[in-house]
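Commentary on secondary and tertiary structure
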Amino acid sequence: MTAGQLLAQDGVGEQLKMATNPLSDLDSPIFGERTKTEPVAAGEFGFVKRVHAEFPPIIIIAATNLCDMACIHCAHPVMKKAPGYRGTFMKPEIHTKIVEETKQFKDQLWVFRYAADGESLLHPKFLDFVEETKRAGIGPVDLTTNAMSFTEERMRRLLLAPIDVIDVSLDAYSKETYEKIRIRGKFDKVTANLKRLVELRNELGSPTKIMTSIIQQKEALDEVEAFKEFWGQWVDEVLVRGLNTDLGIVNVRETYFRDDVARWPCPQFWKRVTINHNGDIRFCVEDWFNRGVVANIRDHSIQEIWRSPIYEKFRELHRTGRWGEMKMCKPCLDWQHMEWDHGFEKAINKVMGKEEPTSLSNPSVSYDGG
């Protein structure tokens, strides 16, 4: 059932029709030529809860497109070399608009996550952003960070906000491997910061949960178990993530994709939106070049975009195996790491001690991480 059908049952069909007229460009450059319909994996694909047809349960905020590292698995170093790239920060008024819209739906939210295009802690107003979000009663709020920019003051403000989850990306157990993967990263500084974060959290009695993660990539495969064992003694949860190509942007030397698995619809169309530093809303979190921008939050609300005809077309194409008619989706391999049953929201639920279902009954490829 579509978002429109679900909402029509609640007596808001006409309002939906009026609200989505500005976003009915079904000839958008996002779409390509009609292609052959592909087989769709068996399973149920749609909104996990009826209320999710009104507003996405996951909001991802890219507060900046600046980063202080150049990780080998990340598209950021490639993006920085592109003509026209300019490092910028999200304006406070854009963040406030996101918060004001989201707080109306806070009871149905799975996670409000600061991640995506850069290192959020580099934003000079980032701590203000987190405090604004928490004052609005929104949660759980997550920060995914490389932890290089942590200071005692920054950690303290985050823990006292209190932010709900801090997820530190380490990606290696040893210093040697870390510095091969996380170029410009300082292993001793980052690991000391993570340990101090845990200690300070405990000293303050903050409810913040702390996670760390490692990516299954060639350089670190032999360290995954040691990583889990060591950091499992420090943090609340250790994540093991699959290696993505970021829509083919990254020159990944090896993959963990299988060719014997039927493709399923991408859950992003039913679960989340990504909002970049200038307020553009795009349908794919891995869209580093913003080729899948649907609209800007300064012109349209998150709800209006989420319920629009163009979003319904996205869902219909994926639901029916016609993802090839979307230029970005057609060559994508990363869908295998976009599992319905193993998304980041499941990791958040686990570390927060929740039992809320985050998917319908669907296939997966059995990766460990969120």
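Everything here concerns the structure above.
Described in the following lines is the structure provided in the data block. Residue positions are counted from 1 within each chain, in the order its sequence is given. Selection of residues for local features in this predicted model requires a pLDDT of at least 70, selection of side-chain atom pairs for listing and counting requires 80 or more, and totals for whole chains, interfaces and linings are taken over all residues. Here the side-chain values reflect all heavy atoms present in the structure, with hydrogen atoms and water set aside.

A closer look at empty space enclosed by the protein
Which entries qualify depends on this criterion: Buriedness for pockets is judged along seven lines, at least five of which must meet protein on both sides within 12 Å for an open set on the 1 Å grid over protein atoms alone, while cavities are sets there where a 1.4 Å probe fits but cannot get out, and lining residues have an atom within 4 Å of a point. Grid points are joined across faces, edges and corners, and a volume is the space filled by probe spheres set on the points. We count a stretch as a helix when DSSP gives it H or I for four or more residues in a row; a strand needs E for two or more, and each element gets its number in order from the N terminus. Residues are sorted three ways: Asp, Glu, Lys and Arg are charged, Ala, Val, Leu, Ile, Met, Phe, Trp, Tyr, Cys and Pro are nonpolar, and all the rest, Gly among them, are polar.
Scanning the entire structure with this criterion turns up two cavities of 30 Å³ or more. Taken as a whole, the largest cavity spans an internal volume of roughly 1,100 Å³. Along the walls of the largest cavity sit 47 residues, with Arg113, Thr144, Ile215, Arg241 and Asn244 positioned nearest its centre. The set of elements that each furnish at least two residues to the lining of the largest cavity consists of strand E1 (58-61), strand E3 (141-145), strand E5 (209-215), strand E6 (237-241), helix H10 (268-271) and helix H13 (344-352). Looking at the lining of the largest cavity residue by residue, the class counts come to 18 nonpolar, 16 polar and 13 charged. Its boundaries defined by the atoms lining it, the second largest cavity holds a volume of some 130 Å³. By residue class, the composition of the lining of the second largest cavity is 10 nonpolar, two polar and three charged.

What about helix H5 (residues 126-135)?
Counted only if it meets this: To sort residues, take the accessible area from a 1.4 Å probe on protein chains only and compare it with the maximum for the residue type: under 20% means buried, over 50% means exposed, and anything in between is partly exposed.
Counting buried residues along H5, seven of its 10 residues qualify, which places the element largely inside the surrounding structure. Every buried residue belonging to H5 is among Phe126, Leu127, Phe129, Val130, Glu132, Thr133 and Lys134, and all of these are buried. Phi turns positive one or two residues past the end of H5, at glycine 137, with a value near 80°.

Focus on the nonpolar core
Condition: Among buried residues, those of type Ala, Val, Leu, Ile, Met, Phe, Trp, Tyr and Cys that are joined through side-chain atoms within 4.5 Å constitute a nonpolar core. Throughout, a residue-residue contact means that at least one pair of heavy atoms, one from each residue, lies within 4.5 Å.
Ranked by size, the top nonpolar core spans 104 residues in total, and within it Ile59, Ile98, Phe112, Phe126, Leu158, Phe283 and Phe314 carry the most contacts. No other element matches helix H8 (residues 187-204), which puts six residues into this core. In this view, isoleucine 98 contacts Ile59, Ile61, Met90, Phe112, Ile275, Ile297 and Ile302; residues no more than four positions away in its chain are not counted.

What to know about the pattern of salt bridges
Selection rule: Salt bridges are defined as contacts in which a side-chain nitrogen from Lys or Arg sits within 4 Å of a carboxyl oxygen from Asp or Glu.
Across all of its chains, the model carries 23 salt bridges by this definition. For glutamate 152, the salt bridge is made with arginine 196, and the minimal N-O distance between the two is 2.7 Å. With glutamate 152 in helix H6 (residues 152-160) and arginine 196 in helix H8, this pair connects stretches of sequence that are 44 residues apart. Within the structure, one salt-bridge network assembled from shared partners comprises Glu152, Arg196, Glu199 and Glu203.

Some words on the packing of H5 against H6
Quick note on the threshold: A fitted line through C-alpha atoms serves as each axis, taken over the contacting stretch for helices, and the angle formed by two N-to-C directions is quoted from 0 to 180°. An angle below 35 degrees is treated as roughly parallel, one above 145 as roughly antiparallel, one from 65 to 115 as roughly perpendicular, and anything else as oblique.
Contact pair H5 / H6: the axes reach a minimum separation of 9 Å and the direction vectors enclose 10°. Relative to H6, the element H5 is oriented roughly parallel. On the side of H5, the interface is formed by Phe126, Leu127, Asp128, Val130 and Glu131, while H6 contributes Arg154, Arg157 and Leu158. Looking at the contact of H5 with H6 residue by residue, the class counts come to four nonpolar, no polar and four charged.

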